[in-house]
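Take a look at the letters that make up each chain.
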Amino acid sequence: DFQAVLSRAFDVGMVKIIVTAGCEEDIYDSLSLVKEDERLYCTVGFILRDVMSLRKLQAPKYISTSLKLLIENNRSKVVALGELGLDYDRTQFCSIQNQKKYFELQLELAGSTRLPLFLHSRNCSEDFIEIVQRNKDKISGGVIHSFTGSVEEAKTYLDLGFYIGINGCSLKTEDNLTAMASIPSDRLMIETDAPWCGIKNSHAGSKFVKTRFEVKKKERWVEGSTVKDRCEPCHITQVLEVMAQVRKEDPDVLAMQMYSNTMNLFFP
């Protein structure tokens, strides 16, 4: 139902969608997918368990030659490097040592392509900040996506010059809502991380959701409905509703500000 998913997204007002990659297979699948529609774009990068494939690909040479060439040949569609970064809650997939090594190696590509970064940072702020600061001359901006940190962490990332991306997983707890509300609107971005990170009834932010979509279990799916527990791009309207209510801002004004932020970073 891919075309139906796109239709629902554009029906709620989306004009561009960025498909994120996290491994070599994702990269080629995403590039193939986004070429089907002029409104679709993608990222290029490796994260968590998938960074280990960089070892097999002889990482330094692969990044500086093959990956760079792939980006150059698809520059009209590749708008960021990512998803890349650190996640110390998931070291079962990749050791801290290897996460740090391959995160920094990929930042070399940021310097040569001048693409912005689509970043993942969880429970790793000290190492993350150290690596970013050491490579700051190579970085042309970026967004900390799927932010779930504290007010203090948000300030740290803002001080580093990054935008902060909010999705359903960013709205689980009252502390999450407080942190989101502390971020200046000119540094905010909105996302879904579909098919993950939908707003669940157990989330603190769910009480602010107004827009509902027809939902069916996967085995009972019918055309025109969404699938239970599968987040879609159209659910971005629900994220906006929560953000606007918690921040006590007009949703249209907030949406336009975040749209402007996104365009400034990824489509300058």
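Being a predicted model, the structure only gives us computed values, none of them experimental. (Residues numbered from 1 in each chain as written. Predicted model: local features only at pLDDT ≥ 70, side-chain atom pairs only at ≥ 80, totals over all residues. Heavy atoms only, no water.)

**As for the overall build of the protein chain**
- Of the regular secondary structure elements, the protein chain holds 10 helices and 9 strands.
- A compact globule built from 268 residues would reach a C-alpha radius of gyration of about 18 Å, and the protein chain, at 18 Å, matches this within 12%.
- Over its C-alpha atoms, taken along the principal directions, the protein chain stretches across nearly 50 × 40 × 35 Å.
- The burial tally for the protein chain puts 50% of its 268 residues in the buried class.
- Sequence-distant contacts in the protein chain: of pairs separated by 6 or more residues, those separated by 24 or more amount to 71%.
- For the protein chain, the exposed surface amounts to about 13200 Å²; the carbon and sulfur share of it is 49%.
- Of the side-chain charges in the protein chain, 34 are positive and 37 negative, and the distance between the mean point of each set is 2 Å. (Helix = DSSP H or I, 4+ residues; strand = E, 2+ residues; numbered from the N terminus. Rg over C-alpha atoms; globule rule 2.2 N^0.38 Å. Buried < 20%, exposed > 50% of the residue type's maximum accessible area, 1.4 Å probe, protein only. Contact = heavy atoms within 4.5 Å. Areas by Shrake-Rupley, 256 points an atom, 1.4 Å probe, with all protein chains shown as cover. Lys, Arg positive; Asp, Glu negative; His and termini not counted. Charge placed at Lys NZ, Arg CZ, Asp CG, Glu CD.)

**Looking at the packing of helix α8 (residues 174-181) against helix α9 (residues 236-247)**
- Here α8 crosses α9 at 75°, and the two axes come no closer than 10 Å. It follows from the interaxial angle that α8 and α9 lie roughly perpendicular. Seen from α8, the contacting residues are Leu177, Met180 and Ala181; seen from α9, they are Val242, Met243, Val246 and Arg247.
- A breakdown of the residues in the contact of α8 with α9 according to their chemical character gives 6 nonpolar, no polar and 1 charged. (Axes fitted to C-alpha atoms, helices over the stretch in contact; angles between N-to-C directions. Parallel < 35°, antiparallel > 145°, perpendicular 65-115°, else oblique. Nonpolar A, V, L, I, M, F, W, Y, C, P; charged D, E, K, R; others polar.)

**A few points about the packing of aromatic side chains**
- The tally for this structure, following the rule as stated, stands at 5 aromatic pairs.
- Judged by centre distance (6.3 Å) and plane angle (80°), the rings of Phe46 and Tyr62 are edge-to-face. Linking Phe46 in the loop between β2 (40-44) and α3 (52-56) with Tyr62 in helix α4 (residues 59-73), this pair joins segments that are 16 residues apart in sequence. For the pair Phe46 and Tyr62, one class covers both residues: buried.
- Both rings, one in Phe147 and one in Tyr157, keep their centres 6.2 Å apart while their planes meet at 90°; by these two values the pair is edge-to-face. With Phe147 in the loop between β5 (142-144) and α7 (151-159) and Tyr157 in helix α7, this residue pair connects regions lying 10 residues apart in the sequence.
- Judged by relative accessible area, which is 4%, Phe147 ranks as buried.
- The cationic tip of Lys16 hangs over the ring face of Phe267; the distance from NZ or CZ to the ring centre is 4.9 Å.
- Across from the ring centre of Tyr41, 4.9 Å away, lies the NZ or CZ of Lys77, which sits over that ring. (Phe/Tyr/Trp six-rings, centres within 6.5 Å; stacked < 30°, edge-to-face > 60°. Lys NZ or Arg CZ within 6 Å of the ring centre and 35° of its normal.)

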